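# Fold and geometry: a report
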Amino acid sequence: MVNEKLVDIKSMNEEELGIFLSGLGQPKFRTSQVFGWLQKGVKTFDKMTNIPAGLREIFVKTCYISSAAIEKKLISAYDSTVKYLFSFADGETVESVVMKYHHGYTICVSTQAGCKMGCDFCATGKGGFRRDLKASEILSQIQSAQEDNGIRISNVVLMGMGEPLDNYENVIRFLELVSCEKGLNIGMRHISLSTCGIVPRIYDLADKKLQLTLSVSLHAPNDEIRNRTMPVNKRYPIGELLRACRYYAEKTGRRISFEYAMIDGVNDSDDCARELAGRIRGMLSHVNLIPVNTVSGSSYRKSRSERLKSFIAILEKAGVTATVRRTLGSDINASCGQLRSSAAKNKAAKGENTG
Ligand code: SAH
Ligand code: SF4
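For clarity, every value in this text was computed on a predicted model and none was experimentally measured.

## Re the sheet that holds strand S9 (residues 153-158)
The strand order across the open sheet built from 10 strands is S3-S4-S5-S6-S9-S10-S11-S12-S13-S14, with neighbouring strands paired in mixed fashion. Looking at which strands have only one partner, the edges of the open sheet turn out to be strand S3 (69-75) and strand S14 (322-324). On average, adjacent strands in this sheet sit at an angle of 25 degrees to one another, irrespective of strand direction. As defined by bridge partners, strand S10 (residues 191-195) adjoins strand S11 (residues 213-217) across four bridges and the pair is classed as parallel. Considered in S11, the bridge of leucine 193 is made with leucine 214.

## Some remarks on the confidence of the model for the protein chain
Averaged over the protein chain, the pLDDT score is 92; the fraction of residues at 70 or greater is 91%. This model gives residues 344-355 a pLDDT under 50, and the stretch forms eight contacts once residues within four places in sequence are excluded.

## Quick notes on the pairing of S11
Of all five residues in S11, five are buried; the element is thus mostly enclosed. At this point the chain moves from S10, through helix H7 (residues 199-208), to the parallel S11, and the crossover so formed is right-handed. Looking at chain direction, S11 and strand S12 (residues 256-262) are connected through three bridges and run parallel. Along S12, the bridge assignment pairs serine 215 with serine 257.

## Notes on the pattern of salt bridges
Within this structure, the stated rule accounts for 16 salt bridges. Across the pair lysine 182 and glutamate 14 runs a salt bridge, and its minimum N-O distance is 2.9 Å. Here the residue lysine 182 occupies a position in the loop between helix H6 (168-179) and S10, and glutamate 14 occupies one in helix H1 (residues 14-23), the gap between them amounting to 168 residues. Overall, lysine 182 belongs to the partly exposed group, its relative accessible area being 48%. Taking the relative accessible area as the measure of exposure, glutamate 14 reaches 25% and is therefore partly exposed. It is possible to trace a salt-bridge network through shared partners that takes in Asp90, Arg131 and Glu137.

## Side note on unusual backbone geometry
Backbone geometry at asparagine 185 places phi at a positive 55 degrees, although glycine is not the residue there. Along the polypeptide, asparagine 185 turns up in the loop between H6 and S10. Accessibility expressed as a relative area gives 40% for asparagine 185, which makes it partly exposed. The backbone of histidine 219 shows a phi angle near 60 degrees, a positive value even though the residue is not glycine. Among the secondary structure elements, histidine 219 is positioned in the loop between S11 and helix H8 (223-229).

## A word on the domain arrangement of the protein chain
For the protein chain, the domain assignment lists domain 1 (7-64) and domain 2 (69-349). At the junction of the two partners, domain 1 supplies 15 residues and domain 2 supplies 14 residues. Carbon and sulfur atoms make up 43% of the surface buried where domain 1 meets domain 2, a total of about 1200 Å² over both sides. Contact with domain 2 buries area across many residues of domain 1, yet Lys10, Ser11 and Gln39 alone supply 45% of it, more than any other trio. The interface formed by domain 1 and domain 2 holds three salt bridges in total. Salt-bridge contacts for glutamate 147 lead to lysine 43; the nearest nitrogen and oxygen are separated by 3.1 Å.

## Observations concerning the packing of aromatic side chains
Under the definition given, this model contains four aromatic pairs. Ring geometry for tyrosine 260 versus phenylalanine 311: centroids 5.1 Å apart, planes at 40 degrees, classification tilted. Placement of tyrosine 260 in strand S12 and of phenylalanine 311 in helix H12 (residues 305-317) is noted, with a sequence separation of 51 residues between them. Looking at lysine 116, its charged tip hangs above the ring of phenylalanine 129, at a distance of 4.7 Å from the centre. Above the face of the tyrosine 168 ring, arginine 201 is positioned so that its terminal group lies 5.7 Å from the ring centre.

## Describing the site of ligand 1
Taken together, the neighbourhood of ligand 1 is formed by 17 residues, with Phe121, Ser194, Ser217, His219 and Asn293 sitting nearest. Here an oxygen atom of ligand 1 sits 2.5 Å away from a polar atom, N or O, in the side chain of histidine 219. The backbone of asparagine 293 places a nitrogen or oxygen atom 2.8 Å from a nitrogen atom of ligand 1. Expressed as a share of its isolated accessible area of 530 Å², the protein-covered part of ligand 1 is 89%. Counted by class, the shell around ligand 1 contains seven nonpolar, eight polar and two charged residues.

Thresholds, definitions, all that
- All residue numbers refer to positions counted from 1 along the written sequence of the respective chain.
- Working convention: letters from A go to chains and numbers from 1 go to ligands, in the order in which they are written.
- Side-chain atom pairs in this predicted model are given and counted only at pLDDT of 80 or more, local residue features only at pLDDT of at least 70, and totals for whole chains, interfaces and linings cover all residues.
- Side-chain metrics in this entry use all non-hydrogen atoms of the structure; hydrogen atoms and water are not considered.
- Strand pairing is defined by DSSP finding a minimum of two bridges between the two strands.
- Per the convention used, a helix needs a DSSP run of H or I reaching at least four residues, while a strand needs a run of E reaching at least two, with both numbered from the N terminus.
- For every element, the axis is a line fit to its C-alpha atoms; helices are fit only across the contacting stretch, and the angle between N-to-C directions ranges from 0 to 180 degrees.
- The predictor rates its confidence in each residue with pLDDT, a number between 0 and 100.
- Contacts: residue pairs with any heavy atoms within 4.5 Å of one another.
- Buried residues are those whose accessible area, probed at 1.4 Å on protein chains only, stays under 20% of the maximum for their type, while exposed residues exceed 50% and partly exposed ones sit between those limits.
- Handedness of a crossover: with both strands directed away from the viewer, a clockwise path from the first strand across the helix to the second marks it as right-handed.
- Within this document, salt bridges are pairs made up of a side-chain nitrogen of Lys or Arg and a carboxyl oxygen of Asp or Glu, the two lying within 4 Å of each other.
- Either an automatic procedure or a domain database provided the assignment from which the domain bounds are taken.
- Accessible surface is computed with a 1.4 Å probe, and the buried area is the amount of it that two parts give up when combined, taken over both parts together.
- Only Phe, Tyr and Trp rings take part, Trp by its six-membered ring, and two of them pair if their centres are within 6.5 Å. Stacked means planes under 30 degrees apart, edge-to-face means over 60, and tilted covers everything else.
- By the criterion adopted, a ring carries a charge over it if an Arg CZ or a Lys NZ lies within 6 Å of its centre and within 35 degrees of its normal.
- Near is defined per residue: the residue qualifies when any heavy atom it owns lies within 4 Å of the molecule or strand.
- The term polar contact refers here to a pair of N or O atoms within 3.5 Å; inside protein, the definition further demands a hydrogen-donor-capable atom paired with an acceptor-capable atom, and it admits residues adjacent in sequence only when both atoms are side-chain atoms.
- For every accessible area listed, the method is Shrake-Rupley and the probe measures 1.4 Å; residues are considered covered only by the protein chains on display.
- In this classification, the charged set is Asp, Glu, Lys and Arg, the nonpolar set is Ala, Val, Leu, Ile, Met, Phe, Trp, Tyr, Cys and Pro, and all remaining amino acids, among them Gly, are polar.

Below you can see the structure in the form of structure tokens.
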């Protein structure tokens, strides 16, 4: 259990750490030493070998270092994709997935334990919300995965459990840490953030002009279908969302990536394709079609492959670029949220408290 009074030292940027350390009477050069250790992923203060013992003792009494412990690990027999269930000090768990592409390793990290958004096709959404993750906890998922695999991760997608723009401050802080030169130094162009469409935060993000890729989980061409599958649409309807997307693309010059999970008989008709094309034509964007993953408790099924072909042909004819997303780790996938919910069920079956 984390003592709430302790300082989350790994979430501090270098400037904040400098102020903190000068308050403890430390010389300036100490900041980059301590910051370096934290970003490298040390789990305990006694590992900071070039830091005086007296200061380490103060750290132990006043601060804590977040870390992500491996609770479960699944390795795909097909393509070496690795899926983790990580736990934090308070016992909350989240999932991360490491995928190998020709250009290097990509990690999909979680930004919240659970999610409030309640999308109908999503295992995380069905499990409810537990809490926001701290910046340090998002970072720790990458550090633990790198350490466990002995690899350097070059790309990050914020597409795991949770809605990143519902945990905006911590996510922005994480982006600052992960991209800083003395840290993991993963450039913004190598980072994607996926959102279900929290419109005001899309404007905020656009105004920051970060060079990250914004992925928008659209999954429907109109309010009628989107209201049924994604409750967030009732708050921020599709027209408002697409207006925010245009603003983002214009402000940053970055192509928006629209995610569209193809659900049999729900959003995969030719009419849906035409309506979608009509709405996003002319926008700097790309559509990723993903056959929906069936999750337990949901009646949604994957669209047939002829449907995908027809859908994509209509989009392309209308001048909208689209691809069918390759799925990695399909044998272990059980799309995000399922590993955690099955672990919770196992615990419940054993009579343990799942919280
Ligand atoms: N909350 C954010 C990011 C996490 S979800 C968001 O919704 O964008 C990551 C992606 O997985 C989103 O595009 C989401 O819509 C998609 N997704 C969730 N459940 C899915 C399922 N059963 N099949 C296919 N995609 C799914
Ligand atoms: Fe939350 Fe994204 Fe799942 Fe919707 S799809 S419930 S926003 S994690």
